[in-house]
Amino acid sequence: MGILVNKNTTVLIQGITGRYGSYHTRLMLDYGTKIVAGVTPGKGGLEVHGVPVYDTVEEAVNNHDIDASIIFVPGPFVKDAALEALKNGIKLVVIITEHVPVNDALHIMEVARRQCATVIGPNCPGIINPGETKLGIMPGHVFKKGKVGILSRSGTLMYEISSLISDSGLGVSTAVGLGGDPIIGMTMVEALRRFQCDPETEAVVILGEIGGSSEIDAAQYIKSEFSKPVVAYFAGRTAPKGKRMGHAGAIVSGEADTIEAKEKAIKNAGGRVAHIPSEIPLILKEVLEK
Amino acid sequence: MGILVNKNTTVLIQGITGRYGSYHTRLMLDYGTKIVAGVTPGKGGLEVHGVPVYDTVEEAVNNHDIDASIIFVPGPFVKDAALEALKNGIKLVVIITEHVPVNDALHIMEVARRQCATVIGPNCPGIINPGETKLGIMPGHVFKKGKVGILSRSGTLMYEISSLISDSGLGVSTAVGLGGDPIIGMTMVEALRRFQCDPETEAVVILGEIGGSSEIDAAQYIKSEFSKPVVAYFAGRTAPKGKRMGHAGAIVSGEADTIEAKEKAIKNAGGRVAHIPSEIPLILKEVLEK
Amino acid sequence: MKLHEYQGMDLFSKYGIPHPPYHLISSVEELVYIKNALTFPVVVKAQVLVGGRGKAGGVLFAKDFDELKKAVDELLHKKIKGKTVRKVLIAPKVNVEREYYLGITLDRRAKAPVVIISEAGGVDIEELAKTAPEKIITFHPYTTLELMPFEIREVAKKLGFPKEDMPALADIAAKLYRLFREKDALLAEINPLARVDGRLMALDSVVIIDDNALYRHPELPSAEDEENTPLEKEAEEADIAFVELDGDIGVVGCGAGIVMASMDLITYFGGKPASFMDLGGGATKDKTVKALEILNKKQGIKSIFMNIFGGITKCDEIAKAIVEFLKKTPDAPPVVVRLIGTNDDIGRKILADNGIKAYMNMEKAAKKAVEIAYERRGQ
Amino acid sequence: MKLHEYQGMDLFSKYGIPHPPYHLISSVEELVYIKNALTFPVVVKAQVLVGGRGKAGGVLFAKDFDELKKAVDELLHKKIKGKTVRKVLIAPKVNVEREYYLGITLDRRAKAPVVIISEAGGVDIEELAKTAPEKIITFHPYTTLELMPFEIREVAKKLGFPKEDMPALADIAAKLYRLFREKDALLAEINPLARVDGRLMALDSVVIIDDNALYRHPELPSAEDEENTPLEKEAEEADIAFVELDGDIGVVGCGAGIVMASMDLITYFGGKPASFMDLGGGATKDKTVKALEILNKKQGIKSIFMNIFGGITKCDEIAKAIVEFLKKTPDAPPVVVRLIGTNDDIGRKILADNGIKAYMNMEKAAKKAVEIAYERRGQ
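Residues numbered from 1 in each chain as written. Chains lettered and ligands numbered in written order. Predicted model: local features only at pLDDT ≥ 70, side-chain atom pairs only at ≥ 80, totals over all residues. Heavy atoms only, no water.

Enquirer: Help me out: how do you make sense of the overall build of chain A in this one?
Expert: Within chain A, the secondary structure is distributed over nine helices and 14 strands. Here chain A has a C-alpha radius of gyration of 18 Å; the compact-globule value for 290 residues is 19 Å, and the two agree. Each principal axis of the C-alpha atoms in chain A carries an extent, and together these give about 55 × 40 × 30 Å. By sequence separation, contacts in chain A at least 24 residues apart represent 72% of the contacts at least 6 residues apart. Surface summary for chain A: the accessible area is close to 9700 Å², and the carbon and sulfur share equals 52%. (Helix = DSSP H or I, 4+ residues; strand = E, 2+ residues; numbered from the N terminus. Rg over C-alpha atoms; globule rule 2.2 N^0.38 Å. Contact = heavy atoms within 4.5 Å. Areas by Shrake-Rupley, 256 points an atom, 1.4 Å probe, with all protein chains shown as cover.)

Given below as structure tokens:
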């Protein structure tokens, strides 16, 4: 169980012959992910770690049942790869690549909406259901199976906190890295909706950042509909206003997207806020024991 | 009765203060058309033949119930006007204007499809339900009420033939000028579908032209679904291949769009073909008496 | 507006579509200026807006400068399918390894742009569509916004194109699609798109721009429309749609549909139309006189069939025009007038006062025009 | 990439958005060349990428050439909010009859471009959004393809803009939207869009281009990014995300989220971060050494908190880098290392062999870095 994926999810890797794509294909296969095919234009006929490679997604879906695709191609080619997956009926597309132009992301999301498909990312670490499957680049060993759902805008912070939660004995149901870009596919609210329906998830940790309004939207949804305990932690409290902190999404540009506003919103919605990472498992245990 | 419009259809005129728009507003009012409002940006507050003028369609729909809009603005402004009507929920848009860029027409039709709205034209004379209402520029007096539906790609040919039919004592239920451009909103098939459901229409006259495949599509539809007698007449038999004959749509560019191919298709579908206009009422009487 | 090959090539350059370097000249004298820039052998191509230019002798080859001079001299000012060659394009003769056809046009039925691809480049694509349709793939781009490379890869895979051409083919197709959209084209065609020394390049261009959208493309070259005859151009300037035809009966009316039907009637009754002349809606007296004067300049017209069904057009204006024209032009061919519609009573009276009969029935009038032409032909 | 006012104005010109004529100079000497082209009074504007330039003394007026010389002399090479003025823009001082605000940016929530319009031009739009939200209208274009004139007319009607400005406003908005889309902008803003002698024109420009899309815009001016300090630029060239901060504890890590969290921890324990330094995923030994060297060049750093959670990044590479850096730089501030993840056993051993303690717990490490800085501050 968990959300979005499970141990039977069959996966296509777009950009499988690249250094990065090939490396993570091996790590995912090692983790148990059901990778059934790969695509790299011009490299059809090869094999990567035993996975057959095709020139087009069309050939891949003609030869395999494919539930999801993970995109590793460089930024300028992501739009082509994502639209190719969507056009060929793939309903879950995880875009790992960073530096995707915003206009390209907009276009991808518009098409995905029309196709009723789910896009995760771009600029995200992917999804993991500990012990079952991972569709992404996260280090699998720091995630232990458990009952806490994790949503994160940042990759590395997700690893860090998941490790803390796993070490505390609680474990993780599904961890989703939503991505750090201004335009991303799945939002916090959409992910929370899925956690709401997942019997395995008993609490959710939100790892937010300065900038954007996704955490404020999440707080509104939590207040009105979400019934499970929520613990939030926000990074970037000390980031100077107007300075870019690496993530394009992390720009403080107005009042509503400050950490203070986000913390207040989560608290108003009945959620708990951790001020340093080590507080997170402590609060989780507290709320889960209730 | 008849299709698309009736005597209660309320109409907005876009471009009402222009020479052409204002002239035809008067003719339509004289005919009995329920014109309730007009729009010309910057001319809000005026009246044209007693019809109130607004700056925006939004104001017009806020102040009146509007079923349909007729567009008289010059070609370069048609896209703006049509999208304004569609955005404000108007479900029937008649574009009289000629010289609308094809790309603009494509865009309008794409949006109309999304909005489930009907567009007639561009470059068309409009629609008339004789004795009830006319949304267009056709000379009303040549159309007498009756039971023959008329579909035409050409305006003047529609007047000519409608006059013949009216003079023959048969009369017209609805006559629709579909427009002579390569990209038009309502197609022959869509119009035939409506005639199929109209109890008042007992036979349909199709006035086609060289070029395009709309008559071939119509023939296929007639063969498979249409149950009323059809008489077709095609203009442009003697037009030289590859030469433009005024209508942008009337270019013979391939085998399938020749008059011969179209005549054959209509005959195969069980329709009758007239070789000169005066044959049309004769054939109509014949098929209606059966 | 149909662009010349070189004008299309210029557009290709702007969009980054590769093509061989070329020189454009309009006189043999200009050859000396480009002499040192040329690599022989070269191809010399007449810049005329006709189809089948090659078969009609519009494309020559030259292996040295002397041959080139001869070729240019032969082509310039030559008439090809009735069009005078005013410019020739000189480009290196390349070694074609493989040829593709790539075209983008409008699918009226789907109301969307359509991409046409085939490996059988260089041939007539309409001919190929009949003889070997399996060699052609047509598709509508997944999003109208742009043509994605993967769409070309899918096609290339299905048609079995060699892998090495795929990236360039996808790139060129995406660029051609952008040109098609941004320049309001009705057709953008590269035939052949050839592989030369391992590199794909356009060896010809066919680009037709939507006339109705020209107002927003001041950057485009002007038409240089040699398709139109001088009389047709004169009519165009007077906003009259006019096409000269082979017959001897002038056909004039208001509205393309009715004029085409009038031509068909003339043919039906055994005559041959000399013109398609559409005054458009609401023609004034002056415009109508101008139209008749232009028509009268055409050689060998035996009669004029004027078929007016007045909707927006006022019959009295037309009648006045006919009277004025016949007064100014005593040697004009007989005009057979059919006149009904708005103000036809006034118009009819004007004609009657000047001794001109006006028909109500267009078929009778058409027949009369044919009869007159037949009689006068015998004279 | 944020464009300078004059670079934005150049883009406006390309898109047909009117603005006053201007001259750009980078030395007082250049004034003589433009002297005759000027109409006084003029406004002199420092070209620096900071907000609130006017209030910070970056905009001066001159009613004659002497005043202009003084103004240019005063502004050039002056520091405004820490940025050095290298160019000034000189334009006629115009008579503003009315001012609008027009901006297009990205609505992350709606995943669509958003248009922002107000009549209260010239003011801080974020301030206005708080104090008088009813004066601002924001909307998503009906089709993302383009902004239609009617959408602006609807807004103008609701906000009660005068009719005479509507056509120009609609036209400029459509053009600005086209610029926004075609140039991959994240923000395109005209504030104020002023009516001058009855004509709307842009009196300032703010354009931010999506860095990730710069590769497809070779036509755009290069950044001239004075926002970055020399050390930040050095880091950028080494593909290291680096922002200099006011504190004295260097913060280094892999991944923006974890580095921000590390800074927050430093602050939480009473310290002040001196840097945001993100090595990205999979940093090699050499890149890490380079990063530490850059950080070490920054003045007044008392300790370095290096927080490594190795996912893609290999801990042994990091450990080797720290050892190499400390050997090469004996006077470096103490480095407090937190090291877990891929190959952390090897990394930890390398550090231990060189007498460096490696923490497992990041909070303990952060606290230690703060303590060291506190102690060394006292020295």
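There's more to say after this.
Enquirer: Honestly, helix α3 (residues 65-75) of chain C in this entry has me stumped. Any pointers?
Expert: Note on helix geometry: an α-helix contains 3.6 residues per turn, so any two residues three or four positions apart are oriented the same way. All names here are of chain C. Restricting attention to buried positions, one finds in α3 the residues F65, L68, A71, V72 and L75. Projection of α3 onto a plane perpendicular to its axis shows the buried side chains occupying an angular sector of 115 degrees, all on one side. Exposed residues lying more than 90 degrees from the buried face of α3 are D66, K70 and D73. Contacts made by the buried residues of α3 are with β1 (23-25), α2 (31-34), β2 (42-46), β3 (59-62) and β6 (88-92). Backbone nitrogen of D66 and a side-chain oxygen of the N-cap are separated by 3.2 Å at the start of α3; the cap is D64. (Buried < 20%, exposed > 50% of the residue type's maximum accessible area, 1.4 Å probe, protein only. Arc of directions from axis to C-beta. Polar contact = N/O pair within 3.5 Å; in protein donor to acceptor, adjacent residues only side chain to side chain.)

Enquirer: Looking at this structure, I do not really get the domain arrangement of chain A. What am I missing?
Expert: The extent of an interface is frequently quoted as the accessible surface area lost upon association of the parts. Residue and element names in this part refer to chain A. Considered domain by domain, chain A is made up of domain 1 (10-120) and domain 2 (138-289). Relative to domain 2, the C-alpha centre of domain 1 lies at a distance of 26 Å. Residue-level contacts link nine residues of domain 1 with 11 residues of domain 2. Of the roughly 750 Å² buried where domain 1 meets domain 2, counting both sides, 67% is carbon and sulfur surface. Its largest share of buried area at the contact with domain 2, domain 1 owes to Y31, M109 and I120, together 48% of the area lost on that side. In this assembly, domain 1 and domain 2 are joined by zero salt bridges. There are two residue pairs in polar contact (both at pLDDT 80 or more) connecting domain 1 and domain 2. Put simply, the parts of the chain that give the side of domain 1 that touches domain 2 at least two residues each are α4 (102-115) and β7 (118-120). Tallying contributions element by element places α4 first for the side of domain 1 that touches domain 2, with four residues. Here the residues of the side of domain 1 that touches domain 2 sort into eight nonpolar, one polar and no charged. (Domains from an automatic or database assignment. Buried area = accessible area lost by both parts, 1.4 Å probe. Salt bridge = Lys/Arg side-chain N within 4 Å of Asp/Glu carboxyl O. Nonpolar A, V, L, I, M, F, W, Y, C, P; charged D, E, K, R; others polar.)

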